[in-house]
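Spelled out from the first residue to the last, the chains are:
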Amino acid sequence: MKTIIDLQRIEYRYPGNEEYTLKDLDLKLTENEKIGMIASNGSGKTTLFHIIMGLTKPSSGTIEIFGKDMIDEKDFIDVRKKIGLLFQDADDQLFCPTVIEDVAFGPLNQGKTKDDALEIASDTLSFLGIESFKDRINFKLSGGEKRLVSLATVLAMKPEAILLDEPTTGLDEKTKDKLIEVLAKLDLPSIIISHDAEFVNKVTSKIYTIKEGKVLTDKDIYLHSHVHAHPHDSDHKHEHTGTVHSHGHPHGRDEI
Amino acid sequence: MDFEGYHEGNSIIHRIDPRVRVLITLIFSFLTAILINFNALFLSLTISLLLVISANLNIIKVSKNLKAFTGFIILIWIILPLSIKGETLYKLWFLNFSTEGIELALRITLKSFSIILLFNALISTMNFSVLGSSMESLKVPLKIVYLFLMTFRYISVLDEEYKRLMQAAKIRGFKAGVNLHTYKTYGNILGMLFVNAHERGNRVYKAMVCRGFNGKFYSLQNFKISFKDFIFASMMVLLISAVLTLEYSGILLKIQKVI
């Protein structure tokens, strides 16, 4: 199976900070793999994404993406075309006055003509079922709408893998369901960071966490296969993989 | 916050090429700003009003826009007649209202209303990204254009951040007053606003880099000059010449008098 992202012994600490945010971290994402990551605030998950995209330089460690060693900024320019990152705050991602301009921004940077970029942008909006947003003003969108448009800006670049940073923050149930549906339809290799264990369980096949600067895989964290049983949802099957009844939280850390 | 303007209309004005509108507005407002002759000023105000009417603007909204500005005008009418020295027109107790002061106040009033109405009619009738693109195609420095567009996008985000900080202060019992504590608190809030804006700036830049930004913005606007743009432009040029004629014939008359 093709490896998309391969991080080895990544270490990172904030300037002026004694303690390492990420320490001796290994992470691998292969084709057809969807990794969910549940970790507490301040565990360095956003930093981890920024390291993958080359926005933050790790103190040490090696980054291999699509089988290529990432050394300097030039290498990452190519990565950014192939991996889409959805930012935690949609207001960071949407900086154009109108929706269509924002969605077309990526394709234009990829060298598409104006007409092609507009077509890609319209198609992406239709794919997400939000083609009616086209001419709307970004700052007038609601939180959920902004999130969907941000996702559109990422998808318009036709990424081969996606990284989502807290995609469900501030979403109502309806938009969340839509997001789940879209992610299933997309079927791209992905890493999804979220507080929302139920959501992560629905859209990913593996659940990892970051603890003390390291990624712990599902084998390490010993998960109950269904995270959070819901009393109103009697159809859910409970497959107990172990005798210990545990939640999908990493243990021993503050609340998620 | 509302900066929507009237870009959703479909009047004759709305259909004129935005670049033509920006250019005419620029020329016309600079001209109006330097007019002295009252006939010329009244003509300029009339032209602006006619443009507002042909743009089919919501009169209530326009008058609201003007209302915000009227406060300044009132201030000018209070200060100028008293502070400008000249012939006394009216004496009230020890206050001298000078003719020159009143004339100046009237000029400023006519000029500013004329320019504001002009902007309402020609500029508010296009949305911000169109305005940005037409500025770009009129060779306005790119930095200014992007600064302008980013301001439009993020001013409401900043406003929200400010409100959040104010709320945080309020729920802890902060009440604005005339004292050092109030100034210090506002200072801190302003400081936090700057820090937040800086950090957001960094994140926005990162998001742009992720989408392949390499220092260049591409405009999505397709501008096409058509026949009606020519007609509009020539009409405006004629009107501007009429204003200029009034202005300069006034000056000529004055010079003749002096001679």
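Residues numbered from 1 in each chain as written. Chains lettered and ligands numbered in written order. Predicted model: local features only at pLDDT ≥ 70, side-chain atom pairs only at ≥ 80, totals over all residues. Heavy atoms only, no water.

Enquirer: I'd like a rundown of the interface of chain B and chain A, residues and numbers included.
Expert: In this complex, chain B contributes 32 residues to the contact, which on the side of chain A involves 33 residues. The largest per-residue losses of area from chain B upon contact with chain A belong to Arg153(B), Arg211(B) and Leu220(B), which jointly make up 31% of the total buried on that side. Here chain B and chain A share five salt bridges between them. In this structure, Arg203(B) engages Asp92(A) in a salt bridge whose closest nitrogen and oxygen atoms are separated by 2.5 Å. Connecting chain B to chain A are 13 residue pairs in polar contact (both at pLDDT 80 or more). (Contact = heavy atoms within 4.5 Å. Buried area = accessible area lost by both parts, 1.4 Å probe. Salt bridge = Lys/Arg side-chain N within 4 Å of Asp/Glu carboxyl O. Polar contact = N/O pair within 3.5 Å; in protein donor to acceptor, adjacent residues only side chain to side chain.)

Enquirer: How would you sum up unusual backbone geometry? Please name residues and give values.
Expert: Unlike most non-glycine residues, Arg9(A) shows phi in positive territory, near 45 degrees. Of note, Arg9(A) is situated in strand E1 (residues 3-12). In this model, Lys139(B) sits at a positive phi of 65 degrees, which is unusual for a non-glycine residue. The residue Lys139(B) is located in the loop between helix H5 (128-137) and helix H6 (142-170) in this model. (Helix = DSSP H or I, 4+ residues; strand = E, 2+ residues; numbered from the N terminus.)

Enquirer: Explain the sheet that holds strand E4 (residues 60-65) of chain A residue by residue, including any values.
Expert: All names here are of chain A. Taking strand neighbours across the sheet as the criterion, the four strands line up as E2-E1-E4-E5 in an open arrangement whose pairing is antiparallel. Taken across any chain shown, the strands that pair with only one partner, and hence form the sheet edges, are strand E2 (22-30) and strand E5 (68-69). Pairing geometry for E1 and E2, over six bridges, is antiparallel. Following the sheet pairing, Ile10 is matched in E2 by Leu25. Where helix H1 (residues 45-52) meets the sheet, it contacts E1, E2 and E4, and its direction lies at approximately 120 degrees from that of E1. (Pairing = 2+ DSSP bridges. Axes fitted to C-alpha atoms, helices over the stretch in contact; angles between N-to-C directions.)

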